[in-house]
Amino acid sequence: MNIHQLGEFGLIDRIRQRLRVDSHVIRGIGDDTAVLPYTRGKYLLFTTDMLGEDIHFTRRMPAKAVGHKALACSISDIAAMGGLPSIALVSIGLPKHLPVCYVDELYQGMHRLAKQFGVSIVGGDTIKSDKLIINVALLGEVEKKYLVTRDKAKAGDWIFVTGPLGGSFLSGRHLTFTPAVAQARFLVRNFKPHAMIDISDGLAGDLNHILKASRAGVRLWEGQIPKNPGCTLQQVLSNGEDFELLFTLAALKAKKLLQWQQKTRQWFFYPIGQITANRKQLVRAKAFTHF
Ligand code: ADP
Ligand code: MG
């Protein structure tokens, strides 16, 4: 069997089954970040994301924006757990004829976002590579009471997203997005989401991750799903790289959130459906996978 036949998530599952994880690890493979013991009141979060040239970006895109994206993807995973990012390692694979100013700009983009989110870049690694590769490993922290995972969505919960979806790669939004840390922190402090994930592989794929982990089903309110201009429902379901958050709230809290946003208009959270008890009701659309 080759990797294409197994698929990205089949492969990750196979890796997971063959690993023995120490018992002090609170969560290993299977959520937006790993969760590790830290202090009495907090967990440590740990995540990594890799960007490959001609997969996640092209050489024609501004290097600063590529640097921004490389860090923003990992910050988004920390946000999806309810946490705050803290410390990063940045590793790069570089073609030997790449102009040095490209690397300068890459780091300018990363550094700017790092400053904005209080992230320190403390090391990394550099190798030669035919195509550009950028990997960011990021630590974060979250108060134990605010941790949100993928596996606690409950039948009756309302499903929300933090913004319009689809067409991120074509519009260039994947290079400029601000990770939704502020929204996530607001939600964990005030509304206790049951489950949360960041939408990196498309609404269908990432919602299905929550459904599988939570052993639940879904009823989508298709007409209410916010779409970026010019996007079809199909694109919204299967395009990746939106980096909006998807979360579920108990129905009572959902109604309170809608009232709150009508009053304040500080952020807009879009209700797009409801969690059901029928485990067969997954979202039937092709999700983005690498293989
Ligand atoms: P995300 O889209 O949130 O960054 P991924 O879909 O990349 O997450 O990964 C899903 C889960 O699988 C995560 O918990 C991640 O840490 C884990 N994972 C992905 N690739 C590997 C790998 N090569 N080895 C071990 N774990 C992996
Ligand atoms: Mg994620």
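Residues numbered from 1 in each chain as written. Chains lettered and ligands numbered in written order. Predicted model: local features only at pLDDT ≥ 70, side-chain atom pairs only at ≥ 80, totals over all residues. Heavy atoms only, no water.

## A short note on helix H3 (residues 63-80)
- Under the 1.5 Å per step criterion, the end-to-end length of H3 is 26 Å for 18 residues, consistent within 8% with the ideal 26 Å.
- The buried count for H3 comes to 17 of 18 residues, which makes it a mostly enclosed element.
- Among the residues trailing H3, Gly 82 stands out with phi positive, at a value near 90°. (Helix = DSSP H or I, 4+ residues; strand = E, 2+ residues; numbered from the N terminus. Expected span 1.5 Å × (residues − 1). Buried < 20%, exposed > 50% of the residue type's maximum accessible area, 1.4 Å probe, protein only.)

## Thoughts on the side chain of Asp 198
- One can find Asp 198 in strand S7 (residues 195-198).
- Despite being buried, Asp 198 has no salt bridge partner; Arg 150 is the closest side chain of opposite charge, sitting 5.4 Å away.
- Within the structure, Asp 198 has its side chain in polar contact with the side chain of Ser 76 (distance 2.7 Å).
- What Asp 198 contacts, discounting residues up to four positions off in sequence, is Asp 32, Cys 73, Ser 76, Asp 77, Ala 80, Asp 206, Phe 243, Glu 244 and Leu 245. (Lys, Arg positive; Asp, Glu negative; His and termini not counted. Salt bridge = Lys/Arg side-chain N within 4 Å of Asp/Glu carboxyl O. Polar contact = N/O pair within 3.5 Å; in protein donor to acceptor, adjacent residues only side chain to side chain. Contact = heavy atoms within 4.5 Å.)

## Examining the site of ligand 1
- Contacts to ligand 1 come from Phe 9, Ile 12, Ile 15, Ile 29, Gly 30, Asp 31, Asp 32, Asp 49, Asp 77, Arg 150, Asp 198 and Ser 200.
- Backbone polar atom of Asp 31 to an oxygen atom of ligand 1: 2.8 Å apart, as the coordinates give it.
- Between ligand 1 and Ser 200, the relevant distance is 3.1 Å, taken from an oxygen atom to a side-chain nitrogen or oxygen of the residue.
- Isolated, ligand 1 exposes 560 Å² of accessible area, and the fraction of that covered by the protein chains is 65%.
- Here the shell around ligand 1 takes three residues from helix H2 (residues 8-18), the largest share from any one element.
- Among the residues forming the shell around ligand 1, the class breakdown is four nonpolar, two polar and six charged. (Near = heavy atom within 4 Å. Areas by Shrake-Rupley, 256 points an atom, 1.4 Å probe, with all protein chains shown as cover. Nonpolar A, V, L, I, M, F, W, Y, C, P; charged D, E, K, R; others polar.)

## Points about the pattern of salt bridges
- In total, this model carries eleven salt bridges according to the counting rule given.
- A salt bridge links Arg 150 to Asp 31; the shortest N-O distance between them is 3.4 Å. Of this pair, Arg 150 sits in the loop between strand S5 (133-143) and strand S6 (158-161) while Asp 31 sits in the loop between H2 and strand S1 (34-37); the two residues are 119 residues apart in sequence, bridging distant segments of the chain.
- Of the residues examined, Arg 150 reaches a relative accessible area of 12% and is grouped as buried.
- Lys 42 serves as the salt-bridge partner of Glu 141, at 2.7 Å between the closest nitrogen and oxygen. With a gap of 99 residues between them, Glu 141 in strand S5 and Lys 42 in strand S2 (residues 42-52) connect regions that are remote in the sequence.
- Judged by relative accessible area, Glu 141 falls into the partly exposed class, the value being 23%.

## Things to note about the packing of aromatic side chains
- As enumerated under the stated definition, the model contains eleven aromatic pairs in all.
- With 6.2 Å between their ring centres and 5° between their planes, Phe 186 and Phe 269 make a pair best called stacked. With Phe 186 in helix H6 (residues 181-190) and Phe 269 in the loop between helix H9 (251-264) and strand S10 (270-276), this pair connects stretches of sequence that are 83 residues apart.
- Clustering of aromatic rings is evident, with ring pairs tying together Trp 158, Phe 160, Phe 186, Phe 191, Trp 221, Phe 247, Trp 260, Trp 267 and Phe 269. (Phe/Tyr/Trp six-rings, centres within 6.5 Å; stacked < 30°, edge-to-face > 60°.)

## Topic: the coordination of the magnesium ion (ligand 2)
- The protein atoms that coordinate the magnesium ion (ligand 2) are Asp 32 (OD), Asp 77 (OD) and Asp 198 (OD), at distances of 2.0 Å.
- As a motif over one chain, the donors of the magnesium ion (ligand 2) read D-x44-D-x120-D. Here Asp 32 is found in the loop between H2 and S1, whereas its partner Asp 77 is found in helix H3, with 45 residues between them in sequence. Per residue, the accessibility class of Asp 32 equals that of Asp 77, and both read buried. (Donors = N, O, S within 2.8 Å, 3.2 Å for Na, K, Ca; no water.)

## Considerations on the domain arrangement of the protein
- By domain assignment, the protein separates into domain 1 (31-145) and domain 2 (149-276).
- Placing a centre on the C-alpha atoms of domain 1 and another on those of domain 2 gives a separation of 23 Å.
- The partner domain 2 presents 21 residues to the 27 residues of domain 1 that form the contact.
- Area buried by domain 1 at its contact with domain 2 is led by Asp 31, Lys 69 and Ser 76, which between them contribute 22% of it.
- If you look at where domain 1 meets domain 2, you find four salt bridges.
- Note that Glu 241 and Lys 69 form a salt bridge whose closest N and O atoms lie 2.3 Å from each other.
- Counting across the interface, domain 1 meets domain 2 through nine residue pairs in polar contact (both at pLDDT 80 or more).
- For the side of domain 1 that touches domain 2, the leading source of residues is H3, giving eleven residues.
- Tallied by class, residues from the side of domain 1 that touches domain 2 come to 15 nonpolar, six polar and six charged. (Domains from an automatic or database assignment. Buried area = accessible area lost by both parts, 1.4 Å probe.)

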